[in-house]
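Analysis of the macromolecular model
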Amino acid sequence: MISFSKFFKENQLTQVAALLLLLLLLAMAGVPGYLTGYWQWKQPPAVTTLNELKQIRKAGLNLPGWQTIEQAEQQIGEHKWSLQVVKKEGSESQAILLLLPQNGPMDQPEVEWTDVNGWGRSRWGKWDIAQSRSAEFTVKPSAKLASNVETKVEARFFRASTPQQTFAVLQWYAMPDGGNPSPFHWFLADQVAQWRKQRTPWVGVSILIPMEPLGEVETSWSLAQSIGETVQAALMAGPL
């Protein structure tokens, strides 16, 4: 039997080894630029789907099984998001879908979740967060997706209470091969992609699902998981 102390030491060594490997890859990518005077971080490769990403602000996202009730650009913080109200077909379930697509080759995720919190307070007068936890869901392979393996997404899941409405909220940065709520996760993925003369496009996703006032957020998890999978699959099949 492996002791817990030994397990944690081995796990730490694995994480350190992975970090050293990443630093080595970044160093190898930077040496040619240093010798030639061409710095890739100053002139990164193009984002090939940038036009498709920008279109999200104007038209929103087509979600199979969901009907768009309204869609418009919404100023949140320093950026314009797509605000889309959707309704599940054959059901009374509705959700607010906030999408912030990458807007340029130097654009990167930073403080989007803080901006959404501030927007919630300015819109409803209060935005109290509770029952927060990490969440995971997967997107299964389909004919529309290039990948033939399941795609894993990590997200933030919490309850946000306002005087008028309580929401179950699901947030993550969507990328071509998955998603994560941390900007640092995208940064590492993009650095590795640039080493291959590619980029990792991204879309900030924040889904607000109306729920029982001050209720248990877990009662909305099934619906949140379902729409989260649909949004990620739609982004991967199109703009990403």
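For the structure, check the block above.
Residues numbered from 1 in each chain as written. Predicted model: local features only at pLDDT ≥ 70, side-chain atom pairs only at ≥ 80, totals over all residues. Heavy atoms only, no water.

**Here we look at the pairing of strand β8 (residues 203-211)**
Both faces of the sheet carry side chains from a regular strand, because those side chains alternate between them. Burial within β8 is extensive, with eight of its nine residues counted as buried. By the bridge criterion, six bridges tie strand β3 (residues 94-101) to β8 in an arrangement that is antiparallel. When the sheet's bridge partners are listed, L98 is paired in β8 with S206. Summarising the sheet, strand β6 (residues 166-175) and β8 pair through nine bridges and their orientation is antiparallel. Bridge assignment links T166 to a residue of β8, and that residue is M211. (Buried < 20%, exposed > 50% of the residue type's maximum accessible area, 1.4 Å probe, protein only. Helix = DSSP H or I, 4+ residues; strand = E, 2+ residues; numbered from the N terminus. Pairing = 2+ DSSP bridges.)

**Quick word on helix α2 (residues 50-59)**
Buried residues of α2: L50, L53, I56 and R57, and no others. Summarising the axial view, the buried residues of α2 lie within an arc of 105°, below the 170-degree limit, and thus occupy one face. Along α2, the residues that are exposed and aim more than 90 degrees away from the buried face are N51 and K58. Its buried side turned inward, α2 meets β1 (66-76), β2 (79-88), β3, β8 and α5 (221-237). Once α2 ends, the next one or two residues include G60, with phi positive near 75°. (Arc of directions from axis to C-beta. Contact = heavy atoms within 4.5 Å.)

**A look at the packing of aromatic side chains**
The description of an aromatic ring pair uses the distance of the two centres, along with the angle that the planes make with each other. Counted under the stated rule, the structure contains nine aromatic pairs. With 5.9 Å between their ring centres and 20° between their planes, W124 and W127 make a pair best called stacked. The class of W127 is buried, set by a relative accessible area of 4%. Chaining the aromatic ring pairs together yields one cluster made of W119, W124, W127 and F167. One Lys or Arg, R123, reaches over the ring of W124 and ends 5.2 Å from the middle of that ring. Lying across the ring of W221, R133 places its NZ or CZ 4.9 Å from the centre. (Phe/Tyr/Trp six-rings, centres within 6.5 Å; stacked < 30°, edge-to-face > 60°. Lys NZ or Arg CZ within 6 Å of the ring centre and 35° of its normal.)

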